[in-house]
Amino acid sequence: MWNRLFGPVRTYIAKMLPEVVFVLGAPGAGKGTQCTFISKEFGFIHLSAGDLLREERQRPGSEYGEMIEEKIRNGEIVPVEVTCSLIHKAMEKSGKSRFLIDGFPRNKDNLEGWERVMSDKTKLLFVLFFECSRDLCTDRCLGRGAAGSGRSDDNIESLKKRFNTYLNDTMPIIDHYDKQGLVCRVNAEVSPQEVFADVEKCFTALGIQSIDK
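Residues numbered from 1 in each chain as written. Predicted model: local features only at pLDDT ≥ 70, side-chain atom pairs only at ≥ 80, totals over all residues. Heavy atoms only, no water.

Undergrad: What is the right way to read the overall build of the protein chain from this model?
TA: Each helix and strand counted, the protein chain has nine helices and five strands in total. Secondary structure elements of the protein chain, listed N to C terminal, follow the sequence α-β-α-β-α-α-α-β-α-β-α-α-β-α. Against the 2.2 N^0.38 benchmark of 17 Å for 213 residues, the protein chain shows a C-alpha radius of gyration of 18 Å, consistent with a compact globule. With respect to the principal axes defined by its C-alpha atoms, the protein chain has extents near 60 × 40 × 30 Å. The burial tally for the protein chain puts 41% of its 213 residues in the buried class. Contacts in the protein chain between residues at least 24 apart in sequence constitute 78% of all its contacts with a sequence separation of at least 6. Distance between charge centroids for the protein chain: 4 Å, based on 30 positive and 31 negative side chains. (Helix = DSSP H or I, 4+ residues; strand = E, 2+ residues; numbered from the N terminus. Rg over C-alpha atoms; globule rule 2.2 N^0.38 Å. Buried < 20%, exposed > 50% of the residue type's maximum accessible area, 1.4 Å probe, protein only. Contact = heavy atoms within 4.5 Å. Lys, Arg positive; Asp, Glu negative; His and termini not counted. Charge placed at Lys NZ, Arg CZ, Asp CG, Glu CD.)

Rendered as structure tokens:
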């Protein structure tokens, strides 16, 4: 009887959960650029795990600031509890229901932490994965740094560490979601407009329409 009474309620609550797309790819693959396009076209709120950590690092009086700076500079991953907390606060603050989470989860600890803390608070739609060669990504990051990105990790030494972290820790996350049929792979070595043409297909395949329609 309880299942009959409350089953529809549970279904309704599930439908109301914030919807999430994880956006992953190597440093310099163009995640931020594509998230801007996606936000404009489909109305998703772009939350960059890296940007949230950098903002927290610079926030006066932050208890995590020094630790975050050291981790970012060394190409290491910030403890998942800190990152999940910042993401959750940003989601609540936005008041919206659809989110791109850029650069997360980046390792097994991130994945387990998200599933432990956030899986019952959100609905994962899919993982958007940008594929791009190491050489091209490195050139993009160094060019970004030379243009004044202000990022302490846009340098060759930090990039080497970040790529090692990406290959060793993030690629297994892609494999994990691939086995569940949740990964949409996009070639990120072409122009931003060509990349976005493929990105659009990932969203429209789920019936997600442009906010202009």
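Resuming the write-up.
Undergrad: Just checking my understanding: could you explain the sheet that holds strand S4 (residues 123-131) for this structure?
TA: Backbone-to-backbone hydrogen bonds join strands into a sheet, with any given pair of strands oriented parallel or antiparallel. Overall, parallel pairing links the five strands, which are arranged S2-S3-S1-S4-S5 in an open sheet. The sheet is open, and its two edges are formed by strand S2 (45-48) and strand S5 (183-187), each paired on a single side. Strand-to-strand twist in this sheet, taken as the mean axis angle between neighbours without regard to direction, amounts to 25 degrees. Bridge count between S4 and S5: five bridges; the pairing is parallel. Across the sheet, Glu131 pairs through a bridge with Asn187, a residue of S5. Packed onto the sheet, helix H5 (residues 80-94) meets strand S1 (19-25), S2 and strand S3 (98-102) and runs at close to 160 degrees relative to S2. (Pairing = 2+ DSSP bridges. Axes fitted to C-alpha atoms, helices over the stretch in contact; angles between N-to-C directions.)

Undergrad: I tried to follow the layout of surface pockets on my own but got confused; where do I start?
TA: Empty pockets left among the atoms are what a rolling probe the size of a water molecule brings to light. Approximately 660 Å³ is the volume found for the largest pocket. Surrounding the largest pocket, 35 residues form its lining, Lys31, Gly50, Arg54, Arg151 and Arg162 being those nearest its centre. Listing elements by their share of the lining of the largest pocket, those giving two or more residues are S1, helix H2 (31-42), S2, helix H3 (49-58), helix H7 (134-146) and helix H8 (156-178). With five residues, the single largest contributor to the lining of the largest pocket is H3. (1 Å grid on protein atoms, 1.4 Å probe; cavity = no way out; pocket = protein on both sides within 12 Å on 5 of 7 lines; lining within 4 Å. Points joined across faces, edges and corners; volume = space filled by probe spheres on them.)

Undergrad: What should I look at first to understand the pattern of salt bridges in this one?
TA: Side-chain pairs of opposite charge can arise where the charged atoms are in close proximity. One pass over the structure, following the stated rule, counts 13 salt bridges. Between Arg185 and Asp178 there is a salt bridge, and its shortest N-O distance comes to 2.6 Å. What makes Arg185 partly exposed here is its relative accessible area of 38%. Using a relative accessible area of 31% as the deciding quantity, one classes Asp178 as partly exposed. (Salt bridge = Lys/Arg side-chain N within 4 Å of Asp/Glu carboxyl O.)

Undergrad: What am I meant to see in the packing of H3 against H5 here?
TA: The packing of two helices is summarised by the inter-axis angle and the distance between the axes. With their axes 10 Å apart at the nearest point, H3 and H5 run at an angle of 95 degrees to one another. On the basis of the axis angle, H3 is roughly perpendicular to H5. Of H5, the residues touching H3 (which contributes Ala49, Leu52, Leu53 and Glu56) are Val82, Thr83, Leu86, Ile87 and Ala90. Split by residue class, the contact of H3 with H5 holds seven nonpolar, one polar and one charged. (Parallel < 35°, antiparallel > 145°, perpendicular 65-115°, else oblique. Nonpolar A, V, L, I, M, F, W, Y, C, P; charged D, E, K, R; others polar.)

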